[in-house]
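# Understanding the architecture of this molecule
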Amino acid sequence: MAAAGIIALSMLFCTPVSAQILPPPPADAEPLAGIDPALQPVNSTKALSASEQSVVRVLVVYRGYGGVPLDSVGMGSGFVVAPGYIVTNYHVIETPPEATSAEIYIVPHKGTGAAYQQVTLVKPWVEGDLALLRADGLKIAPLKLSLVPQKNQRIVAMGYPGITDRLLKRGGTELLEPADAYVTQGSIALFASTNPDGSRVDTLFHTAPINPGNSGGPLMDECGQVVGVNTWSAVSTLSESGDMDVPAGQYVATHVSALYTFLQSTGVTAQTTSEPCYAKSEDEIIKDDGLSRALAAYRDAQAKRLEEQRKAEQMNALMDQLQLGALVLLSVLVVVLIALIIRRRHPPKAKEAPGLPEGAHAETPHAEPHLERARTEKAHHKHPFPWGWIALAVFVVLIALAFVLRESPAVQKMSQTSEAAATKAGPVRLTCDVDLKASPKPLAGVGPTDFEFDAGHACVNGRTPYEAQANGTLLRFTVSESEPTAARLELSRDGLTFKRSDYRLTPEQHRDYVAQRAALGSLRCASGKDTGQAEALKDNMRKVRQLAQSFLNFAPETETVWRCRKAPEAAAPKSPNAL
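A brief look at the structure comes next. (Residues numbered from 1 in each chain as written. Predicted model: local features only at pLDDT ≥ 70, side-chain atom pairs only at ≥ 80, totals over all residues. Heavy atoms only, no water.)

Our next topic: the packing of aromatic side chains. What the rule picks out here adds up to 5 aromatic pairs. Where Tyr503 meets Phe554, the ring centres are 5.5 Å apart and the plane angle is 85 degrees; that geometry is what we call edge-to-face. Taken as a pair, Tyr503 in strand 26 (residues 497–504) and Phe554 in the loop between helix 11 (531–551) and strand 27 (558–566) lie far apart in primary sequence, 51 residues in all. According to the relative accessible area criterion, Phe554 is partly exposed, its value standing at 30%. (Phe/Tyr/Trp six-rings, centres within 6.5 Å; stacked < 30°, edge-to-face > 60°. Helix = DSSP H or I, 4+ residues; strand = E, 2+ residues; numbered from the N terminus. Buried < 20%, exposed > 50% of the residue type's maximum accessible area, 1.4 Å probe, protein only.)

Moving on, we come to the pairing of strand 19 (residues 428–434). Bridge count for strand 19 against strand 20 (residues 449–454) is 5 bridges, and the pairing is antiparallel. Considered in strand 20, the bridge of Thr431 is made with Asp450. (Pairing = 2+ DSSP bridges.)

Take the packing of helix 10 (residues 507–519) against helix 11 next. With their axes 11 Å apart at the nearest point, helix 10 and helix 11 run at an angle of 175 degrees to one another. When the axes of helix 10 and helix 11 are compared, the pair comes out roughly antiparallel. Residues Gln509, Asp512, Tyr513, Gln516 and Arg517 of helix 10 form the contact with helix 11, whose own contacting residues are Val544, Leu547, Ala548 and Phe551. In the contact of helix 10 with helix 11, the residues fall into 5 nonpolar, 2 polar and 2 charged. (Axes fitted to C-alpha atoms, helices over the stretch in contact; angles between N-to-C directions. Parallel < 35°, antiparallel > 145°, perpendicular 65-115°, else oblique. Contact = heavy atoms within 4.5 Å. Nonpolar A, V, L, I, M, F, W, Y, C, P; charged D, E, K, R; others polar.)

It is worth spelling out the sheet that holds strand 6 (residues 117–125) at this point. Read once around its circumference, the closed barrel built from 6 strands follows the order 2-3-4-7-6-5, with strand pairing classed as antiparallel. Neighbour-to-neighbour, the strand axes of the sheet open up by a mean angle of 40 degrees, direction not taken into account. Bridge analysis of strand 4 (residues 85–88) against strand 7 (residues 130–134) gives 4 bridges, and the strand direction is antiparallel. Bridge pairing links Ile86 to Leu133 in strand 7. Across the face of the sheet, helix 5 (residues 256–266) comes into contact with strand 3 (69–82), strand 4, strand 6 and strand 7 while running at roughly 45 degrees to strand 7.

If you walk through the whole model with that rule in mind, you get 3 disulfides. Residue pairing for Cys223: its cysteine sulfur links by disulfide to Cys277, the two sulfurs lying 2.1 Å apart. Taking the torsion about the sulfur-sulfur bond, which here is approximately 95 degrees, the covalent link between Cys223 and Cys277 counts as right-handed. You can see Cys223 sitting in the loop between strand 12 (218–221) and strand 13 (226–233) and its partner Cys277 sitting in the loop between strand 17 (272–273) and strand 18 (279–280), a full 54 residues away along the chain. On the accessibility criterion, Cys223 (13% relative accessible area) is buried. Put simply, Cys432 and Cys564 are joined by a disulfide, and their sulfur atoms are 2.0 Å apart. Between Cys432 and Cys564, the S-S dihedral sits near 105 degrees, and the bridge is therefore right-handed. (Disulfide = S-S within 2.5 Å.)

In structure tokens, the structure reads:
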């Protein structure tokens, strides 16, 4: 009975536990670290709003003989380039022949709280059509000059065009009231080394619409930095046939490099930068921040799950080792017990008395009756050789060896070889039934399905690819274009277990998800011989998975599990309703 108990305990400890001590989680499973602020995009909405405060209206009052004001008034735009200094076009403040003098005024942006004031001309540059003005006591922050504008770069023009004032019925002294600047958008179209007047001054052509009154205003990048001074726009002309030629999108600004050279000649120091502008609108940043937070939450949750899994597997590995030690100890105890039983049943022969011939026994007058009785009892209690006990000992040792060798590389290689042989068999048709016990929240109205599964190429029905994961499972993500729903589809390595998790999205999430998913294109199984196509598919599947995981970072609405089996050869294929 004692031996039977030990064997039962041995069998109990032989229950397999597949686990091993794992290395620390991979680096890509760590939570997202803080991003270098230098790599963060500039909020163009806020940057341009702040830069708009430095744009001013320029008004010129002309006086004739005796100081009498003329009816005409010069109008343009300008911007602060240094504390108390403003740049505009020379043609904005140029005195016409009919005037003997001129007074120059600036009207700050209404957001500054400053009032209009008279300014003085510091230095003109006639050839470059620039002028520097000084405004004593002006408390408006200067704009920064970006010395590295790029072709196709998005830009913004700001100023006070006269057509806007006329449409708003603004005139006379109303022009002295602070107002918002007029803002248009476009991009840099061309760089040139001469301006439309023929002077050798660096200029740039752009597509941000400007009108008379914009002259002297800044052309800025999305970071709110000056890349040029708006100076010209193409004018309409009348052809010989009488047709009006109206050019579209031909707007010219003096290049920032020419402005910087002019300011150096005046001794005025402006803030400059040679770093390219990396900016996004506030809406874009909000969306990107939401995506980043979702990714961070997913990565944190993934890292937590991996850590919990690692701890559980370490504990399982420890129990595995304890089981192994207990099994070996029990095996030794069983062998020792069997040896003791054998020794007891078959004691060693008694030694012959010394000095007597072989086969002779020392006899005493009273020994003969006792010897005869012992011989009789031995004849009645003779036992056969204990082959059963020997077989039991061998059985226990074999169990211990099997337990020790089950995780050996050789055994695992044999298992992998058999799995590889199974996958080389090609696609097989599987039929699946819903496992309601394993489906806590099954999809409404769902039923059986079948499909063709090619485990070697992770392909379903010859066209739908799945992405192989490190643990051997296969993943695929889908999103409905008509309904705000998405799904996560998971197949086991052998295709015999299929799980579908459905998620319900908000209208905003659905719109963004569908748009970003459409940008990645359609996915089709790669040809077995085309390695380039397979690598491209693998990269695209990874992008689709990362996109899906950034949106589907909450609990699914339904979870349905199917159990699959190989369909009979003659079974007619059904239309799959879950894959």
